[in-house]
Structures are given as structure tokens and as C-alpha cells.
Amino acid sequence: QVQLVESGGGSVQAGGSLRLSCAASGGAYNTNFMGWFRQAPGKEREGLALICSGIRYVRDSVKGRFTISQDKAKDTVFLQMDSLKPEDTAMYYCAVGASACSYSPSPWHNWGQGTQVTVSS
């Protein structure tokens, strides 16, 4: 099964930037659909940005601040986060999809371990 290794999280001040990365490896897998999600304590996981068959989708709530990109040769997906706000504080996860491209977490089956992002005032 595909293994996803995430990195790039940390603590920043409001207005700062972070670039998250997620590298896929571990055997046979399909990386046509990849996505970034986040989950704050006590809240449901929400989709932020997707790249499906080369097409990028960014949720309205983070559009203009977050950008998803991909290095297909290295099986790596990135999330560039600019103008960070305290409400962006959450655990951030990447995922690989089997057949569905959705902001909902439910159809995604392969997840990374998560990387913490903390934005202070």
C-alpha cells in the first residue's frame, strides 16, 4: 500500500508562510488524485486543495492564500500556504485517492501521518 510522508509543518506568526510536502512511496499506487486536508481539535476534517488528473482545485475559504502543486517525477505534492491566520491552526494531512476527487474526506483511503501547523497572533 502507498506510504505518505509529510513534512514542513511548524509554528509561525500570523502573516507568515509555510510549504508542506508529501512524498508517496512504498509500492504500486495511483497518484492521479492527491489532496490536502486539515483538522483542528474537536472538529471534522476538511478538504482544502486537490489535484486530480493534473487539474487543481482550491476551496474558496483558502483560495488566494493556498496553492497546491505537484512534482510528478518525484511523486510529491506540495501545499504553499501564504498569509497564514490563527484560524489556520490545525493538523494538516495529505491523501491519495483511488477514484474520487472530493473535498470530503470519506472517499479517500490512504493518508499521511499529519503535520502540525500552528499560527500565533
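For the structure, see preceding data.
Anyway, here's the lowdown on the structure attached to this text. Bear in mind the structure is a predicted one, so any value in this text is a computation, not a measurement. (Residues numbered from 1 in each chain as written. Predicted model: local features only at pLDDT ≥ 70, side-chain atom pairs only at ≥ 80, totals over all residues. Heavy atoms only, no water.)

### Overview of the overall build of the protein
Within the protein one finds zero helices and 11 strands. Secondary structure elements of the protein occur, N-terminal to C-terminal, as β-β-β-β-β-β-β-β-β-β-β. Since a compact globule built from 121 residues should have a radius of gyration of about 14 Å, the 13 Å found for the protein is in line with a globular shape. Judged by the C-alpha coordinates and their principal axes, the protein covers about 45 × 25 × 25 Å. The contacts of the protein with a sequence gap of at least 6 include a subset with a gap of at least 24, amounting to 58%. Positive and negative side-chain charges in the protein, numbering 11 and 9 respectively, have mean positions lying 2 Å apart. (Helix = DSSP H or I, 4+ residues; strand = E, 2+ residues; numbered from the N terminus. Rg over C-alpha atoms; globule rule 2.2 N^0.38 Å. Contact = heavy atoms within 4.5 Å. Lys, Arg positive; Asp, Glu negative; His and termini not counted. Charge placed at Lys NZ, Arg CZ, Asp CG, Glu CD.)

### A few points about the pairing of strand S4 (residues 33–39)
Most of S4 is tucked away: six of the seven residues are buried. Sheet topology places S4 next to strand S5 (residues 46–52); six bridges connect them, and they run antiparallel. By the bridge assignment for S5, methionine 34 is matched with isoleucine 51. Between S4 and S5, which pair antiparallel in sequence order, lie six residues; one of them, glycine 42, sits at a positive phi of approximately 75°. Relative to strand S9 (residues 90–97), S4 is paired through seven bridges, and the arrangement is antiparallel. Across the sheet, residue glycine 35 finds its bridge partner in S9, namely alanine 95. (Buried < 20%, exposed > 50% of the residue type's maximum accessible area, 1.4 Å probe, protein only. Pairing = 2+ DSSP bridges.)

### A look at the environment of serine 11
Within the secondary structure, serine 11 sits in strand S2 (residues 10–13). Overall, the relative accessible area of 60% leaves serine 11 in the exposed class. Measuring from C-alpha to C-alpha, the distance between serine 11 and methionine 81 comes to 13 Å, with 70 residues separating the pair along the chain.

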